[in-house]
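# Inside the fold
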Amino acid sequence: QLQLVESGGGSVQAGGSLRLSCTASTNKYRSYCMAWFRQASGKEREDVARLWTGNTTAYYAAAVKGRFTISPENANTLLVLQMGSLKPDDTATYYCAFGESPNPFPCNTAAGFSDWGRGIQVTVSS
């Protein structure tokens, strides 16, 4: 189990950019799932972007594809979500999550993530 801390949130005008970072306490997993989720007020939590460290292909939700980029850095102890062309619909609390896995399949569901950050607010105004 890892301790995760998000940073980089805040308020931005539509069309702007933000860079979210998630710092893990250690890198003790050989391979694992890494993801960003978000939850808007009054709505259920949804996937934003995820990847498995055993390959180089990331998954992006249709709502953010082409605008957001997920990137592990610093030997997988830092998970970055670069967000561009932000829209008011991107307003939400964003959560990073990690989960140990020898294969990519558990990464397809929230159940595959055992370690969660507390969340960080992103607000996009029109």
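Counting restarts for each chain: residues are numbered from 1 in the order of the written sequence. Per-residue local features of the predicted model are confined to residues with pLDDT of at least 70, and side-chain atom pairs are confined, for both listing and counting, to 80 or more; whole-chain, interface and lining totals are unaffected and use all residues. Side-chain metrics rest on all non-hydrogen atoms present in the structure, leaving aside hydrogens and water.

A separate point is the state of the cysteines. Between two cysteines, a covalent bond joining their sulfur atoms is known as a disulfide. When two cysteine sulfur atoms are found within 2.5 Å, that pair is recorded as a disulfide. The tally for this structure, following the rule as stated, stands at two disulfides. Across the disulfide, C22 is cross-linked to C96 (sulfur-sulfur distance 1.9 Å). As the torsion about the S-S bond is roughly 55°, the C22-C96 disulfide counts as right-handed. Of the two residues, C22 is situated in strand β3 (residues 18-24) and C96 in strand β9 (residues 92-100); the sequence distance between them amounts to 74 residues. Judged by its relative accessible area of 0%, C22 falls in the buried class. C33 shares a disulfide with C107; S-S distance 2.1 Å. Taking the torsion about the sulfur-sulfur bond, which here is approximately -85°, the covalent link between C33 and C107 counts as left-handed. In this pair, C33 sits in strand β4 (residues 32-39) while C107 sits in the loop between β9 and β10 (115-116), placing the two residues 74 residues apart along the sequence. Accessibility assignment for this pair places C33 and C107 in one class, buried. In the protein, numbering the disulfide-bonded cysteines from first to last in sequence yields the connectivity 1-3, 2-4. The way it works is that DSSP assigns letters per residue, a run of H or I at least four long becomes a helix, a run of E at least two long becomes a strand, and they are numbered from the N terminus. We call a residue buried when its accessible area falls under 20% of the maximum for its residue type, exposed when it is over 50%, and partly exposed in between, using a 1.4 Å probe and counting protein chains only.

Another aspect to go through is the side chain of D90. Turning to its location among the elements, D90 is positioned in the loop between β8 (78-83) and β9. Among the residues examined, D90 registers a relative accessible area of 1% and is labelled buried.

In short, shape yes, function no, at least from these values alone.
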